[in-house]
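Structural characterization, general
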Amino acid sequence: MPDKGELGWRLVAGAAAFGAGFAARKAITFGWKRTMGKEPPTNPESPEVELREAIAWAVVVGVGMEVARLLATRAAANRWHKSTGELPTALRTAVDKAKSVA
């Protein structure tokens with residue numbers, strides 16, 4: 001069972017990733033509308049959506065969401081480190097974990 005610090009980090013990281021994902025999706029949709037001049041595909045898997053458009057949407061959303069999640073998690077980790085004095089267990093290197101055991 002994870003300790004309270006581990007559980008706290010999971011909650012903080014999850015909330016940060018969720019918020020970043022929500023904001024990124026809104027920004028990506030807005031950018032798509034401005035760039036392409038139309039709504040993004042609601043169902044890219046549909047044969048009615050042009051393959052090039054479906055692939056472009058998948059790439060833009062995939063990269064955009066992952067970058068947003070990465071940046072949010074890193075920002076949360078920096079904040080966590082400043083408030084607790086150490087990185088969350090999940091983000092420590094093997095060397096750091098070995099030092100804390102010894």
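Residues numbered from 1 in each chain as written. Predicted model: local features only at pLDDT ≥ 70, side-chain atom pairs only at ≥ 80, totals over all residues. Heavy atoms only, no water.

A word on the overall build of the protein
Put simply, the test is: Secondary structure follows DSSP: runs of H or I at least 4 residues long count as helices, runs of E at least 2 residues long count as strands, and numbering of each begins at the N terminus. By definition, residues are in contact when any of their heavy atoms lie within 4.5 Å. In short, Shrake-Rupley with a 1.4 Å probe defines the accessible areas, and a residue's cover is counted only from the protein chains shown.
In terms of helices and strands, the protein carries three helices and zero strands. Written out in order from the N terminus, the α and β elements of the protein read α-α-α. Sequence-distant contacts, at least 24 apart, represent 56% of the contacts inside the protein between residues at least 6 apart. Accessible surface for the protein amounts to roughly 7700 Å². Of this, 63% is attributable to carbon and sulfur atoms.

Some points on a nonpolar patch on the surface
Convention followed: Two joining distances apply to patches: 9 Å for like charges and 5 Å for nonpolar side chains (Val, Leu, Ile, Met, Phe, Trp, Tyr), and every residue must have over 30% relative accessible area and no salt bridge. When a carboxyl oxygen of Asp or Glu lies within 4 Å of a side-chain nitrogen of Lys or Arg, that pair is called a salt bridge. Remark: exposure states derive from per-residue accessible area (1.4 Å probe, protein chains only) relative to the maximum for the residue type, with buried under 20%, exposed over 50%, and partly exposed in between.
Together, Leu51, Ile55, Val59, Val63, Val67 and Leu71 give the surface a local cluster of nonpolar side chains, amounting to about 560 Å² of exposed area. Taking relative accessible area as the criterion, Val67 reaches 40% and is therefore assigned partly exposed.

Topic: the environment of Leu71
Here Leu71 lies in helix H2 (residues 51–84). With 51 residues separating them in the primary sequence, Leu71 and Ala20 have C-alpha atoms 8.3 Å apart.

Some words on the confidence of the model for the protein
Let me state the cut-off plainly: Every residue gets a pLDDT, meaning the predictor's confidence in that residue, from 0 to 100.
The share of residues in the protein with pLDDT of 70 or more is 87%, and the mean pLDDT across the chain is 89. Averaged pLDDT values for the elements of the protein fall to 63 in helix H3 (residues 94–101) and rise to 94 in H2.

As for the side chain of Thr29
Mapping Thr29 onto the fold places it in helix H1 (residues 4–36). Thr29 has contacts with Pro40 and Trp57, leaving out every residue within four places of it along the chain.

Thoughts on the pattern of salt bridges
Two side chains carrying opposite charge are able to pair once their charged atoms lie near each other. Evaluation of the coordinates by the stated rule reveals six salt bridges. As a salt-bridge pair, Arg52 and Glu50 come within 2.9 Å of each other at their nearest N and O atoms. Here Arg52 falls in the exposed class, since its relative accessible area comes to 65%. Judged by relative accessible area, Glu50 falls into the partly exposed class, the value being 43%. Between Glu66 and Arg69 there is a salt bridge, and its shortest N-O distance comes to 2.5 Å.

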